[in-house]
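Residue-level structure breakdown
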Number of protein chains: 2
Amino acid sequence: MKLQVTQENLNRALSNVARVASSRNTLPILANVLIKTVDNRVCVAATNLNIAITHYIGSKVADGGSITVPARLTQDFIASLPSGVINLKLDDTKLHITTDKYKSVINGTPADDYPVMPSIQDGKTWKVPAETLKKALQQVVVAASNDDTRPLLTAVYFHTKEGQLYVAATDSYRLAEKKVMPLKEEVSLLVPATSVQDLLRVINDNEPEISVTHDDQQVLFSVGDIELVTRLIEGSYPDYQKLIPKEFATSATLARADFANITKVSSLFARESAGSVTVEVDEKAQQVGIRSIASQLGENTATATAEASGSASITLNSRYILDGLNAINTDEVSIQFNGKLEPCILRPKTGDDYLHVIMPLKS
Amino acid sequence: MKLQVTQENLNRALSNVARVASSRNTLPILANVLIKTVDNRVCVAATNLNIAITHYIGSKVADGGSITVPARLTQDFIASLPSGVINLKLDDTKLHITTDKYKSVINGTPADDYPVMPSIQDGKTWKVPAETLKKALQQVVVAASNDDTRPLLTAVYFHTKEGQLYVAATDSYRLAEKKVMPLKEEVSLLVPATSVQDLLRVINDNEPEISVTHDDQQVLFSVGDIELVTRLIEGSYPDYQKLIPKEFATSATLARADFANITKVSSLFARESAGSVTVEVDEKAQQVGIRSIASQLGENTATATAEASGSASITLNSRYILDGLNAINTDEVSIQFNGKLEPCILRPKTGDDYLHVIMPLKS
């Protein structure tokens, strides 16, 4: 292998893929990244056996070849080099990396030992605008669980219903659902939330489109020069939609920034009670109040002006309120609920394409 | 106690003093900050018995009084409030904090139980431009030790010699010395480096002057509305000046940014060897090179153009080189040494007021 790449391109490719490589894996080679020529391009790739990310970059290839090198060292090293041309030359398993002022040798491991993700056979393919999918996933992924003992809940659920694509996630304490766009294909995919986080990181804002290809076991997202393949989670996702109430006795609309600020301030007094705060909708005063009590430290009440109907209160985890408000990207939001025991809904003031459901705490 | 302050002032005072309060202390009240009226001002103070910081802010005082309240909660709470007027009212030991939209009660502990630092009797006082002292301390504090088993080396040494004030610090592996300014008073103070860090944090760039008052046990720095008192470390500081060579067989001058960059890149390959890199001054090639070898991972050589005389090499800890280069704030720096075994000097290309000395490693 003998080739030239620019520092900018190699650095971008390594920063997209190297995160997947981990030295905590039982297979030592998984701490490496694969560098391989493919025609007149260089493919930089890494996998942890659950997910694989591949980034193709332009290159001047004199001799083809492949090698794997330690991901962290290589990424840090290339990131530290000045911009400009970098020469890569393989000598047995030693990768010589040289520029004008820097000469280094990184000891590699042959690429033959590097595991390959199985390719997708007979898959369905559809396309989605990159920005649309990115925003939708950002709005729901926060609600996914990271508890591996309930693998279904660690997924983001891509599914179609009545010709619309939805993405949803729940950890059983809160749930987020976003209507993405009309889609003809029938889809039902459980994509690991950790892979969704990786996908969000590699979607470049300049890319117009993401192509999604999947079979029963895997899904491939292609975004520009990057391919991300991840295993799917097996099983049937809970029928969450029946949990979402349709009518509400209490409802209030207020500025999202005000709601977030009174929640943040109150949460300081809720550290003893694991974040538990009481939201009070007051129709007469036309306000929303948040009350928290820390027996040792003191107590706090904060209020914000709102359009309110149906005075009532409900006890919620302040972190979930903040996560929900953060996921809703409109200036005004509504909170709606039926008494202390039923799920509480946060949603944009207008539009019906996003819902954030929070289960109440006992008060 | 009943008074009004602005959120801006109270927030600034708390962020300056609350850091000193710690809940890891054996005395629970030391996790609190003291809030006390003094005439028409409010004094916000905290101490850990080694250092005390007091910040005076303007206030509309209706009734005088004092209380101590949990530092972290109070700081986080006040920081979260919108800017504007805050009302404080003490009801027994409960501090009521109210604004237009926020009402909270923080449970306090009476101020009588709060320890007071002894005042300085018969001290000497002198003044120094705030910016001059700030820059000088920033340039030397990095070389102080944080190993409490050798308390002398955890100090920054303020001392006068031939009518000049110097500050210096060493952890025995590297040493930094800065000539600050002419000073008539004779000074010899061992100020804990941790207190110097706290002092650096509270020096506001708008303050023209720092007043320094000290006796044998303590030193008081007064900067605008802030007073910082710290205990001094007892003992005699090592006579470090005899360690500093005056003549050099090898010397090179180069751009500080280049030197820092080749050191950073080489240090990536020096992780196995605890940061050890070899600096090579090459008179013929008029360059400085840095070489590092990681037996497992590979090796690296990086070079930068320099004015060099006396080809030779020396092995140093790359972190100390970077700390030294970071402390020197000129565009060009010189490195000077006599063979592999004697101390190596980093200094600005011009001027004799700053020195950074690094002991070599065995190579």
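Conventions we followed
Residues numbered from 1 in each chain as written. Chains lettered and ligands numbered in written order. Predicted model: local features only at pLDDT ≥ 70, side-chain atom pairs only at ≥ 80, totals over all residues. Heavy atoms only, no water. Helix = DSSP H or I, 4+ residues; strand = E, 2+ residues; numbered from the N terminus. Buried < 20%, exposed > 50% of the residue type's maximum accessible area, 1.4 Å probe, protein only. Contact = heavy atoms within 4.5 Å. Lys, Arg positive; Asp, Glu negative; His and termini not counted. Charge placed at Lys NZ, Arg CZ, Asp CG, Glu CD. Polar contact = N/O pair within 3.5 Å; in protein donor to acceptor, adjacent residues only side chain to side chain. Least-squares fit on C-alpha atoms with pLDDT ≥ 70 in both. Buried area = accessible area lost by both parts, 1.4 Å probe. Salt bridge = Lys/Arg side-chain N within 4 Å of Asp/Glu carboxyl O. Pairing = 2+ DSSP bridges. Axes fitted to C-alpha atoms, helices over the stretch in contact; angles between N-to-C directions. Left-handed = near helix turned anticlockwise from the far one by under 90°. Nonpolar A, V, L, I, M, F, W, Y, C, P; charged D, E, K, R; others polar.

1. A closer look at the overall build of chain A
Scanning chain A from terminus to terminus reveals six helices and 26 strands. Each of the three principal axes of chain A carries a C-alpha extent, and together these read 80 × 50 × 35 Å. Counting every position in chain A, which comprises 363 residues, the buried fraction comes to 54%. A separation threshold of at least 6 residues defines the contact pool for chain A, and within that pool the share at least 24 residues apart is 66%. When the 36 positive and 42 negative side-chain charges of chain A are each reduced to one mean point, those points stand 4 Å apart.

2. Considering helix α6 (residues 318–327) of chain A
All names here are of chain A. Of all the 10 residues making up α6, seven are buried; the element is thus mostly covered by neighbouring parts of the structure. When α6 is considered as a whole, its buried residues turn out to be S318, Y320, I321, D323, G324, L325 and A327. Where α6 begins, the side chain of N317 points an oxygen toward the backbone nitrogen of R319, at a separation of 2.9 Å.

3. Notes on the relation of the copies chain A and chain B
Of the two same-sequence chains, chain A is brought onto chain B (RMSD 0.0 Å, axial shift 0.0 Å) by a rotation of 180 degrees. Such a combination of rotation and displacement between the chain copies is what one expects of a two-fold axis. Minimal C-alpha distance to the rotation axis in chain A is attained by R24 of chain A, lying at 17 Å. Same-surface contact between copies: 100% of interface residues of chain A are shared with the interface of chain B.

4. Some thoughts on the interface of chain A and chain B
On the chain B side, the residues contacting the 32 residues of chain A number 32 residues. Summed over both sides, the interface between chain A and chain B buries roughly 2,700 Å², with carbon and sulfur atoms accounting for 52% of that surface. When residues of chain A are sorted by the area they lose upon contact with chain B, L73, K101 and Y102 of chain A head the list and together hold 21% of the total. Between D76 of chain A and R271 of chain B there is a salt bridge; the shortest N-O distance is 2.7 Å. Linking chain A to chain B there are 17 residue pairs in polar contact (both at pLDDT 80 or more). Counting only elements with at least two residues in the side of chain A that touches chain B, the list comes to α2 (71–80), β9 (102–107), α5 (256–268) and β21 (298–305) of chain A. The biggest single contributor to the side of chain A that touches chain B is β21 of chain A, with eight residues. Sheet analysis places β21 of chain A next to strand β9 (residues 102–107) of chain B, joined by five bridges and oriented antiparallel. Across the sheet, T301 of chain A pairs through a bridge with K103 of chain B, a residue of β9 of chain B.

5. A few points about the packing of helix α1 (residues 7–17) of chain B against helix α2 (residues 71–80) of chain B
Each pair of packed helices gets described by two things: the angle between the helix axes and the distance between those axes. Residue and element names in this part refer to chain B. In the contact formed by α1 and α2, the axes pass within 9 Å of each other and the chain directions differ by 145 degrees. The chirality of how α1 crosses α2 is left-handed. Between α1 and α2, the residues in contact are Q7, L10, N11, L14 and S15 and T74, Q75, I78 and A79, respectively. Looking at side-chain class alone, the contact of α1 with α2 contains four nonpolar, five polar and no charged residues.

6. Considering the sheet that holds strand β26 (residues 354–358) of chain A
All names here are of chain A. The strand order across the open sheet formed by nine strands is β14-β11-β12-β13-β26-β25-β24-β18-β22, and the pairing between neighbours is antiparallel. Of all strands in the sheet, those with a lone pairing partner are β14 (188–192) and β22 (307–309), marking the two edges. Direction aside, neighbouring strands of the sheet carry axes that sit 20 degrees apart on average. Bridge count for strand β12 (residues 164–170) against strand β13 (residues 174–182) is seven bridges, and the pairing is antiparallel. The residue bridging A169 from the neighbouring strand is A176, located in β13. In the packing of α5 onto the sheet, the strands contacted are β18 (250–255), β24 (332–337) and β25 (344–348), and the crossing angle to β18 comes to about 100 degrees. Of the strands in this sheet, β13, β24, β25 and β26 are in contact with α6, which crosses β26 at around 180 degrees.

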